[in-house]
Amino acid sequence: MDNLENEGELRFTELLEQIRICLKNDFLSVAIMTSLAIPDIAGAINSKNGKANKTKYACWFNEFCKPKFQFSGGFCLNGDDCYYLRCSVLHQGKAEHQKLSAFSDIILCRIPQASDTGSPISLIKDDILLIEPKFFCNRMISAAYDWLDEVHGSQNFKNNSKKFLKLFSLKF
């Protein structure tokens, strides 16, 4: 793989590492919002047309993230509900959406004593999902790296990752 071909992958992994930096410095809102965008970005990069949509988001989440969001008794978060969480957080600044199917509400709550190896907590007869933000973001990052390992050589990835956001510096 030459440098130009590798450039999009490097920029994507840089984004993932920036989320980790945000977590380390307790910039949790930025980390959550960026983590919620991972399935959009990955789903688009992995597709023929390079564009994101709800179906691609949910499919990507269900394949790569859903297994990482389990609690005793089953899955706790699916692609559709994460998509609606993404819509409400990114576009309205809130963590509630009328179309959530598995839960009446999803609450992102800091639990300082929680470790990343913990699980999300389901409250009130599985009706409300409480997720610790660092747990959520680290699982999303892990899923993205799993995905990269699987697709980085695919033609869709090669074609679309070249177009990943480039940041330039100007000095005067």
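Above this text is the structure in question.
Source: prediction; values computed, not measured. (Residues numbered from 1 in each chain as written. Predicted model: local features only at pLDDT ≥ 70, side-chain atom pairs only at ≥ 80, totals over all residues. Heavy atoms only, no water.)

A. A look at the overall build of the protein. When its secondary structure is counted, the protein shows six helices and five strands. Going residue by residue from the N terminus, the α and β elements of the protein occur as α-α-α-β-β-α-β-β-β-α-α. Relative to its full complement of 172 residues, the protein shows a buried share of 43%. Expressed as a percentage of contacts within the protein between residues at least 6 apart in sequence, the contacts between residues at least 24 apart total 56%. Taken as a whole, the protein presents about 9,700 Å² of accessible surface, with 52% of it coming from carbon and sulfur. (Helix = DSSP H or I, 4+ residues; strand = E, 2+ residues; numbered from the N terminus. Buried < 20%, exposed > 50% of the residue type's maximum accessible area, 1.4 Å probe, protein only. Contact = heavy atoms within 4.5 Å. Areas by Shrake-Rupley, 256 points an atom, 1.4 Å probe, with all protein chains shown as cover.)

B. Broad picture of the nonpolar core. Trp-60, Phe-69, Leu-77, Phe-136 and Trp-147 are the most contacted members of the largest nonpolar core, which has 42 residues in total. Residue assignment for this core shows that the elements contributing at least two residues are α1 (3–24), α2 (28–45), α3 (54–65), α4 (79–92), β5 (128–131) and α5 (133–151). (Core = buried A, V, L, I, M, F, W, Y, C linked by side-chain atoms within 4.5 Å.)

C. Quick peek at the packing of aromatic side chains. Tallying each qualifying case throughout the model produces six aromatic pairs. A ring pair is formed by Tyr-57 and Tyr-83, whose centres lie 5.3 Å apart and whose planes are at 70°; its orientation type is edge-to-face. Within this pair, whereas Tyr-57 is found in helix α3, its partner Tyr-83 is found in helix α4, the two being separated by 26 residues in sequence. Look at Tyr-57 and you get buried, because its relative accessible area is 0%. Measuring from ring centre to ring centre gives 6.1 Å for Trp-60 and Trp-147, while their planes differ by 75°; the resulting arrangement is edge-to-face. Of this pair, Trp-60 sits in helix α3 while Trp-147 sits in helix α5, and the two are 87 residues apart along the sequence. Taking relative accessible area as the criterion, Trp-60 reaches 4% and is therefore assigned buried. Among the aromatic residues, ring-to-ring pairing joins Phe-12, Trp-60, Phe-64, Trp-147 and Phe-157 into one connected group. (Phe/Tyr/Trp six-rings, centres within 6.5 Å; stacked < 30°, edge-to-face > 60°.)

D. Representation of α2 in the model. The terminal C-alpha atoms of α2, which comprises 18 residues, lie 25 Å apart, in line with the 26 Å expected from a rise of 1.5 Å per residue. The largest bend in α2 comes to about 30°, at Ala-37, with the proline Pro-39 one to four residues further on. In terms of residue burial, α2 counts as a mostly covered element, since 13 of its 18 residues are buried. (Expected span 1.5 Å × (residues − 1). Bend = angle between axes of the 7 residues up to and from the residue.)

E. Quick peek at the side chain of Ser-161. Positionally, Ser-161 belongs in helix α6 (residues 155–161). The contacts of Ser-161, once residues within four sequence positions are left out, are Gly-8, Glu-9, Arg-11 and Ile-45.

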